[in-house]
Amino acid sequence: MVRLGIIGCGIMGKGHANSILEGKVPNSELTAVCDTDPAALAWAEERNIKTFAKTSDLLASGTVDAVVIATPHYDHPIIAMEALDKNIHTMVEKPAGVYTKAVREMNAKAANSSAVFAIMYNQRTNPIYRKMREMIQNGELGALKRTSWLITDWYRSQAYYNGGGWRATWKGEGGGVLINQCPHNLDLWQWICGMPKKITAFTHNGKWHDIEVEDDVTAYVEYENGATGVFVTSTADCPGNNRFEVLGDLGKLVCENDQLIYHKLNISEREFNRTNTEMFAAPPAEKIILDCEGEYSQHAGVLAAFVAKINGTGELFARGEEGINGLTISNAIHLSSWLGKTVELPLDEDLFLAELKKRWK
């Protein structure tokens, strides 16, 4: 049995705690909770779970083999490094952090630790996204030409933002829709399609809400092979959409409404373009609704894989070190908008942090 501790017992932390208590994470037991909120500690004490008000006390207590970090975003790398230093297995909630410089330091610490290091990318358990990645990785879609993700089904009213003092602030949360709602999408985008090389973006702070951070974003990216992509998100569209398209020279994948559709070409578009002699001809496409088999195990599945990896019997859905990828895109989107110009990767991490600090109040 792996003894798990939850650091940060808010909405997400309590959700993870309940998954463990309800037996959804085999070979694990919840032995400790750490939080600064007396109500959260009382909740744990009612369930006979050891409680701590300080992270350092929990990590030094000998009551846990592994921890799940579900605190405000800026604390993720700080706490993770403290745990990894003690070779305590570490799972970090998304995002990995607010700025990549801190996450890079966390990753370096993980490289020198014997502990298992993971990140809570539960959307990677979705069979649809796993199928998309598989088809692109094995070349079934051909060379990448265009990606597009319209993800605006995050509607939040002003009441949501009024509900938490640290939320929707640069110094408290580190951003808005990109750092709160979209880390999973940015991770999936790069996990499925690869990292872009250039990013040009427009972020609008408090466009639709009384907040200081972004609630409306449009980003344009370019990939190494010349492919392009767009990423559009907002917390004010109602009704919103979630439509993810990936176009290759052998067809197109469309993910929408919990369904994956493959528009399959019987000939490469590039080859057809070179050899066709008819003015208005186009290569025929077969529309296929794909059967995406597999369990969508969500957060409990990611935790179960984490525990299995600790026990040497399984593999992680996402290594903790991978958290830097989606965050790099997020940071680059912000930086491009702040500077009003295209940002090339690798990201200038010092410049991003300097610009971020200008926005702290």
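Shown above is the structure to which this text applies.
Please read these numbers as outputs of a predicted model, since none were measured by experiment.

**Re the nonpolar core**
So, point 1. In this structure, Met132, Trp189, Ile192, Phe231 and Phe244 are the most contacted members of the largest nonpolar core, which totals 53 residues.
So, point 2. In terms of residue count, the dominant contributor to this core is helix 9 (residues 183-193) (6 residues).
So, point 3. Each residue touching Ile192, except ones within four places of it in the same chain, is listed here: Tyr129, Met132, Arg133, Ile136, Gln137 and Phe244.
So, point 4. Formed by 28 residues, the second largest nonpolar core is a distinct cluster that contains Val64, Ile79, Ile119 and Ile324.

**Regarding unusual backbone geometry**
So, point 1. Across the junction of Lys94 and Pro95, the peptide omega takes the value -10°, indicating a cis bond.
So, point 2. Topologically, Pro95 is positioned in the loop between strand 5 (89-92) and helix 5 (100-111).
So, point 3. Note the cis peptide between Leu345 and Pro346, where omega equals 10°.
So, point 4. With respect to the helices, strands and loops of the structure, Pro346 is situated in the loop between strand 15 (343-344) and helix 13 (349-358).

**Some words on empty space enclosed by the protein**
So, point 1. On inspection of all chains with the given rule, the structure shows 2 cavities of 30 Å³ or more.
So, point 2. Considered as a void within the structure, the largest cavity measures approximately 70 Å³ in volume.
So, point 3. Forming the boundary of the largest cavity are Pro95, Ala96, Tyr121, Leu178, Ile179, Pro183, Leu186, Asp187, Gly323, Gly326, Leu327 and Ser330.
So, point 4. Sorting the residues of the lining of the largest cavity by element identifies helix 8 (177-180), helix 9 and helix 12 (323-339) as the ones contributing at least two each.

What counts, and where the lines are drawn
- Residues numbered from 1 in each chain as written.
- Predicted model: local features only at pLDDT ≥ 70, side-chain atom pairs only at ≥ 80, totals over all residues.
- Heavy atoms only, no water.
- Core = buried A, V, L, I, M, F, W, Y, C linked by side-chain atoms within 4.5 Å.
- Buried < 20%, exposed > 50% of the residue type's maximum accessible area, 1.4 Å probe, protein only.
- Helix = DSSP H or I, 4+ residues; strand = E, 2+ residues; numbered from the N terminus.
- Contact = heavy atoms within 4.5 Å.
- 1 Å grid on protein atoms, 1.4 Å probe; cavity = no way out; pocket = protein on both sides within 12 Å on 5 of 7 lines; lining within 4 Å.
- Points joined across faces, edges and corners; volume = space filled by probe spheres on them.

Remember that the coordinates give geometry; whether it matters functionally is a separate question.
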